[in-house]
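# Coordinates in review
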Amino acid sequence: MDRVAFVGAAHSVSLASRWAGNRAFSLRRGRHFTTLPSYRSTLTCSTASTHAAAEKPRKKKGKADPSPYSATVNLPQTAFEQRANATKREPQIQKFWEENAVYQRLSRENPGDTFVLHDGPPFANGPLHCGHALNKILKDFIIKHSLINGKKAVFVPGWDTHGLPIELKVLQGIKSKERKNLSTLGLRQKAREFANTTVANHITGMKRFGVWADWDNPYLTMNPEYEAAQIDVFGKMYEAGYVFRGKKPVHWSPSSRTALAEAELEYPEGHTSQSCYCAFTAVSAPADAPSFLREVVSSLGGLALSVWTTTPWTMPANRAVAVNNKLEYVLAKGLHPQLPELTVVIAKELLETASAKFGTSDIVQELGVLTGKDLLGVQYTHPLEDGLVCRVVEGGDYITTETGTGLVHTAPGHGQEDYQTGLREDLDLHSPVDDAGKFTEEAANGRFTGLPVLGDGNKAVLAELSERSVLLLEEAYAHKYPYDWRTKKPTIFRATEQWFISIEGFRESVLEAIENVNWYPASGIKRIRGMVETRGDWCISRQRSWGVPIPVFYDDETGESFMNQEIVNHVKEIVKEQGTDVWWELEADDLLPEAYRGRNLRKGRDTMDVWFDSGSSWAAVASARNELAYPADIYLEGSDQHRGWFQSSILTSVATKQQAPYKNVLTHGFVLDEKGVKMSKSIGNVVDPLSVINGGNNKKTDPAYGSDVLRLWVSSVDYSADIMIGPSILRQVADVYRKLRNTLRYMVGNIHDFVPAEHAVPYSELPTLDKYMLSRMMQLSEEVGQAYESFAFFKVYQALQRFAVVDLSNFYLDIAKDRLYIPEPNSFRRRSCQTVLAVLLENYSRALAPIVSHTAEDLWQSMPYVPTSTKAGVVDSKSVFDAGWFERRPEWINVDDSVMKNWEVVLDARDAVNKVLEAARVGKTLGASMEASVKIYAADPEDAQALQSLRNCSSDVDSLERAFIVSEVEVVSSPDEIATCAHSNVEQGEKTGERFRVGMNKSGAPKCERCWHYDMTVGDSHAHPVLCGRCTKAVVSMGMETAPVAAAV
Ligand SMILES: [Zn+2]
């Protein structure tokens, strides 16, 4: 109920002045918030109520005071404002945390164990987005929950500051003329400045999210000590024999002119390749081949091997045709309508598809069936290189009959499987394509030189294949194709000299280590296991400038690489002092240990893959800093990191330390707009987290919600899948927040004159309603505690919200109004309720603090007394984060069974009663619920007994009248007694039939002007003729011996 219903709107002015004069508040505020202004607040302090709609405020009648007794009603008072006013208030609270070094103090001085959440470094290449907000706020929930539970929880934020994304940003930002004159060191300087600026912006934003961290000492992958630690990891892996240099096909981005890792690729929808079917002319078959095969080869029409490819530009690099020994192949004459005499080899299962594609009208003549094995050793002429004869080789199970012909065009320089086959069959690793993705002179004797393979080069190859009558069919083919995730341009597979880490050497150990980690959600283990099982060697060299150099030297004459542990260590020590710029600043001899100088060695030019940078963070940060620990307790990132950071970290850690760098790994999904669409600037659906906090340009459509609403949103979603955010979702969350804040404000406002040490009622004396509520709070603590421990924050959110609405707002606080407002301030009824409210508030604030931290702190600072901490050795809880976790007392937990049962029955009966009251209100026969006189019949004897026990109880608090908020309740023994009531209803039980029958009449008693109850004692007092007995007692005890003037009139 709105308290206006009690006192009337005309009291606003006098109450506002009482508010400002709240001394207890200003003293306490003075202690902690010396810089804050004093607060005045609006007057409505309400809590959601099932009856609120019906209990409309009285209409103003001129300026007359509707109740002369209103000054005797105990009203809530608090500095905890109704509106969050977050843009102003949250920064003040953040300043309070900072000035009091709350995070630093707790993370160092807490009595519990160290808890390390090791931050996955985001790229420092753009503004903060909702993904950052989700990630950092989730981490903050975990850190704060650990801190409030007394652990030394530490969070050192990190940034990935090297690599192409930043290099590209810098290059895009300068003019082409300047770009040409830019030296490597100049570029690195600009890249460093760019990264530093981005990191500074990120820190400002993340602090505004309310995230706690060691912001003064973040880790940046470009810091010299980090770079040195990374080189150390590299050196150890080299020493262990896992690092090698080799010519291998790698994903190559012509647009970035560098090799790319798997994690740097994306596979956009809608890619189409120009695929082709070709026929390679067979020239001979081995002596042991089936005779009919040999005959066809030497026949007039001849034999052709049919192949299919989606990358015609790789044809010049063809070095073999591979078959699957287990498949069946046929020799089909007349398969192609234009070549009726030609016999083509094709997988039997694909014959029909191919003839349909070629448009074969005549019946294809099958000259024989053979296995792949029969075809081995058949020789054919190269389709583009005259005089070159290649052969059929054994491929493997990668050759299937899903598409193509079952015979695979094999170019070892341009494909992973082709490369493996080439190694086994000793094929030439031909790769006639340069860094820019253009054909070199080596391609088809120079006929395609300079043509880009993804453009004109591909067309030229197709044209020549057609000219030479090799081409059977050309068709567009839509499929997944790897693109460079930064330039959004297609990549190619190309053999180059690169540095690799051989995964094979320690793959089994990594798989074992994966088993010893807890993965949340559990499906994560499958993902990463599958990826590690199948991944090839890790190409770690990049042909870029902004990164950590691979500390290798080459013989200037032979080109042979030269590296050993001594050299790597020497470089590491120099880098530790001077950073990696030194690699470009100094001559090779100045970088080498003395013993190796003067040998004509030159420096390598490759930098390391940035995934090696971030993948070394366990060494550079977690195990390097005293306050941290290795392995870390938890890593928490987006689910794409199974193939990114989680994987690169476990690879480097297992290779050098034989264990995983983390004990637990938690993943979250991606943030989409509210329709479930990926956010993008071009669509215009990007939600900026800082605009959510501070408001957008149009404050009507994008109001300033503050960071607590953003945080509440993060807690409300099941982040294990992709999640959504947008204006209407934010409005809903803000609405939940507003209601929650009102409920908390109502509670804290009603304990303004309560100090537990002086006023608390001992547990044994509490009414059973209060015991029931304390027990419910203990149940909540169980539920919330478990949800936090398992990182299920949406369960925390649901449990807290349900408790605030169902247990507090709709029930306990609804009933409590009568206890809080009406009796004399120091009465048992009021103090017992305040005793419970204080416990509920303290514990609820604790549960809330990790999530809506600012609100919880604000509330804590608004408490009229300094609550005691539950943490060992801490007395004064200066901040809510000093408060420790839930206070749990055995008597609150082990409450008498009958108390719980009785109140559960009352709650069900209350629902039944409310339905009847509501019907009467709709029928306009009832105004306030207190006008009602209720009869209730319970069919189940146990229910009846539960109701009867409260009907007969001595405590006014526990009475059914108070529970139902009506003037009179009679528990009747027969349903017939309800028949005469004006309104009635039958409530069905869940399993049985009729459970309650409720009837209602308007009370015949007069109405008390102060408490609005209809009571036969109204008029009994000569001094206060308009008051009931209870109210008379209350006002007399407040010193009001006679009625105020207005009442006497
Ligand atoms: Zn009264």
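Computed from a prediction, not measured in an experiment: that's the story for all the values here.

### Some points on the sheet that holds strand β27 (residues 632-638)
Across a sheet, paired strands are connected by hydrogen bonds in the backbone, their directions being either parallel or antiparallel. Ordered by their spatial adjacency, three strands build an open sheet running β20-β28-β27, and the pairing between neighbours is parallel. In this open sheet, the two strands that pair with only one neighbour each are β20 (518-520) and β27. Mean inter-strand twist for the sheet, computed between neighbouring axes without regard to direction, equals 15°. Sheet analysis places β27 next to strand β28 (residues 662-668), joined by six bridges and oriented parallel. Among the inter-strand pairings, Glu637 is bridged to a residue of β28, identified as Thr667.

### Looking at unusual backbone geometry
For the bond from Tyr520 to Pro521, the omega torsion is -10°, close enough to zero to count as cis. Mapped onto the elements of the fold, Pro521 is located in the loop between β20 and α17 (524-534). Following Tyr630, the chain continues to Pro631 via a peptide bond in cis, the omega torsion being -5°. Within the secondary structure, Pro631 is located in the loop between α22 (617-622) and β27. One non-glycine residue, Lys924, lies in positive phi territory at about 60°. For Lys924, the position within the fold is in the loop between α33 (897-922) and β31 (932-938). Residue Lys924 is classed as exposed on the basis of its relative accessible area, which comes to 75%.

### Description of the confidence of the model for the chain
Averaged over all residues, the pLDDT of the chain is 88; the fraction at 70 or higher stands at 92%. For residues 1-64, every residue scores under 50 in pLDDT, and the model assigns this stretch 127 contacts once sequence neighbours within four places are set aside.

### Examining the domain arrangement of the chain
Assigned domains within the chain: domain 1 (73-104 + 676-895), domain 2 (110-239 + 506-533 + 610-668), domain 3 (273-411 + 454-479) and domain 4 (911-1004). When each unit is reduced to the centre of its C-alpha atoms, the spacing between domain 3 and domain 4 is 88 Å.

### Side note on a negative patch on the surface
There is a patch of like negative charges on the surface, built from Glu968, Glu970, Asp976 and Glu977. With respect to the helices and strands, Glu977 occurs in the loop between β32 (968-972) and β33 (983-988).

### Some words on the nonpolar core
Counting residues in hydrophobic clusters, the biggest one holds 237 residues, and the most contacted among them are Ile501, Tyr662, Trp713, Val784, Tyr812, Tyr844 and Leu947. Considering each element in turn, this core owes the most residues, 15 residues, to helix α29 (residues 793-821). Residues in contact with Tyr844, not counting those within four places in the same chain, are Leu740, Leu744, Met777, Leu780, Leu800, Gln801, Phe803 and Ala804.

### A word on the environment of Leu342
Mapped onto the elements of the fold, Leu342 is located in the loop between β11 (328-333) and β12 (343-347). Here the alpha-carbon distance between Leu342 and Ala332, two residues 10 residues apart in the chain, equals 8.3 Å. With near-sequence residues (within four places) excluded, Leu342 lies in contact with Gly301, Gly302, Leu303, Ala304, Ala332, Lys333 and Gly334.

### Side note on the side chain of Thr580
Within the fold, Thr580 resides in the loop between α18 (565-578) and α19 (582-585). Within the local environment of Thr580, its side chain forms a polar contact with the side chain of Arg188, the two groups lying 2.7 Å apart. Apart from residues no more than four positions distant in its own chain, Thr580 is found in contact with Arg188, Glu227, Gly547, Val548, Pro549 and Val575.

### Things to note about the coordination of the zinc ion
Surrounding the zinc ion are the protein donor atoms Cys1008 (SG), Cys1011 (SG), Cys1028 (SG) and Cys1031 (SG), which sit 2.2 to 2.4 Å from the metal. Relative to the metal, the four donor atoms surrounding the zinc ion lie at angles of 105 to 115°, and the coordination shape comes out tetrahedral. Mapped onto the polypeptide sequence, the residues donating to the zinc ion form the spacing pattern C-x2-C-x16-C-x2-C. On the criterion of sequence distance, the pair formed by Cys1011 in the loop between β34 (994-1002) and α36 (1029-1037) and Cys1028 in the loop between β34 and α36 is long-range, its members being 17 residues apart. Each member of the pair, Cys1011 together with Cys1028, is buried.

### Some thoughts on the pairing of strand β5 (residues 243-253)
In terms of burial, β5 is largely enclosed, as eight of its 11 residues are buried. When β5 meets strand β19 (residues 492-501), the two strands line up antiparallel, connected through 10 bridges. Bridge pairing in β19 places Val243 opposite Ile501. Pairing between β5 and strand β6 (residues 258-260): three bridges, direction antiparallel. Bridge pairing links His251 to Leu260 in β6. Between β5 and β6, which follow one another and run antiparallel, lie four residues, and Arg257 among them has a positive phi close to 55°.

### Looking at helix α9 (residues 184-208)
Look at α9: 36 Å from first C-alpha to last across 25 residues, which is about the 36 Å you get at 1.5 Å a residue. Within the sequence span of α9, burial applies to Leu187, Arg188, Ala191, Ala195, Thr198, Val199, His202, Ile203, Gly205, Met206 and Arg208. Count one or two residues on from α9 and you reach Gly210, which has phi positive near 85°.

### Considerations on the packing of aromatic side chains
In total, this model carries 35 aromatic pairs according to the counting rule given. Judged by centre distance (6.1 Å) and plane angle (65°), the rings of Tyr788 and Phe793 are edge-to-face. Aromatic rings pair up to connect Phe141, Tyr719, Tyr788, Phe793, Trp885 and Phe886 into one cluster. One Lys or Arg, Lys144, reaches over the ring of Trp97 and ends 5.2 Å from the middle of that ring.

### Considerations on the packing of helix α7 (residues 164-172) against α9
Between α7 and α9, whose axes approach to 9 Å, the crossing angle comes to 105°. One element, α7, and the other, α9, form an angle in the roughly perpendicular class. Note on element contacts: α9 touches α7 through Leu187, Lys190, Ala191, Phe194 and Ala195, opposite Ile166, Glu167, Lys169, Val170 and Leu171. Looking at the contact of α7 with α9 residue by residue, the classes come out as seven nonpolar, no polar and three charged.

What counts, and where the lines are drawn
The written sequence of each chain sets the order in which its residues are numbered from 1. Note on the predicted model: pLDDT of at least 70 is required for a residue's local features to be given, and 80 or more for side-chain atom pairs to be given and counted; whole-chain, interface and lining totals, by contrast, use all residues. Side-chain numbers come from the whole structure's heavy atoms, not from hydrogens or water. We call two strands paired when DSSP finds no fewer than two bridges between them. A run of DSSP states H or I qualifies as a helix once it reaches four residues; a run of E qualifies as a strand once it reaches two. Both are numbered from the N-terminal end. Helix axes are fitted to C-alpha atoms over the stretch in contact, other axes to C-alpha atoms as well, and angles between N-to-C directions run from 0 to 180 degrees. Summary of the burial criterion: residues with accessible area below 20% of their type's maximum are buried, those above 50% are exposed, and those between are partly exposed, where the area comes from a 1.4 Å probe applied to protein chains only. pLDDT is defined as a per-residue confidence score from the predictor, taking values between 0 and 100. Two residues form a contact once any of their heavy atoms are found within 4.5 Å. The domain limits used here are those given by an automatic or database domain assignment. Only residues whose relative accessible area exceeds 30% and that take part in no salt bridge are eligible for patches, with like-charged residues grouped when within 9 Å of each other and nonpolar side chains (Val, Leu, Ile, Met, Phe, Trp, Tyr) grouped when within 5 Å. Note on areas: Shrake-Rupley with a 1.4 Å probe; residue coverage comes only from the protein chains shown. Counted as salt bridges are all cases of a side-chain nitrogen of Lys or Arg within 4 Å of a carboxyl oxygen of Asp or Glu. Counted as positive: Lys and Arg. Counted as negative: Asp and Glu, with His and the chain ends omitted from the count. The atom standing in for a charge is NZ when the residue is Lys, CZ when it is Arg, CG when it is Asp and CD when it is Glu. Residues belong to a common nonpolar core when they are buried Ala, Val, Leu, Ile, Met, Phe, Trp, Tyr or Cys residues joined through side-chain atoms within 4.5 Å. In protein, a polar contact requires one atom able to donate a hydrogen and another able to accept it; more generally it is a pair of N or O atoms within 3.5 Å, and residues adjacent in sequence count only if both atoms are side-chain atoms. Atoms of type N, O and S within 2.8 Å of a metal are treated as its donors, and for Na, K and Ca the window is 3.2 Å; water is not considered, so some sites may appear to be missing partners. Geometry is assigned from donor-metal-donor angles: four donors are tetrahedral when every angle falls between 85 and 135 degrees, four are square planar and six octahedral when opposite donors sit over 155 degrees apart with all other angles between 65 and 115, and any other arrangement is irregular. What a helix is expected to span follows from its residue count: subtract one and scale by 1.5 Å. Whether two aromatic rings pair depends on their centres lying within 6.5 Å, for rings of Phe, Tyr and Trp, where Trp uses its six-membered ring; planes under 30 degrees apart make the pair stacked, over 60 edge-to-face, and the rest tilted. Consider the ring centre and the ring normal. A charge sits over the ring if Lys NZ or Arg CZ is within 6 Å of that centre and within 35 degrees of that normal. Note on angle classes: values under 35 degrees are labelled roughly parallel, values over 145 roughly antiparallel, values of 65 to 115 roughly perpendicular, and the remainder oblique. Think of it as three bins: nonpolar holds Ala, Val, Leu, Ile, Met, Phe, Trp, Tyr, Cys and Pro, charged holds Asp, Glu, Lys and Arg, and polar takes everything else, Gly as well.

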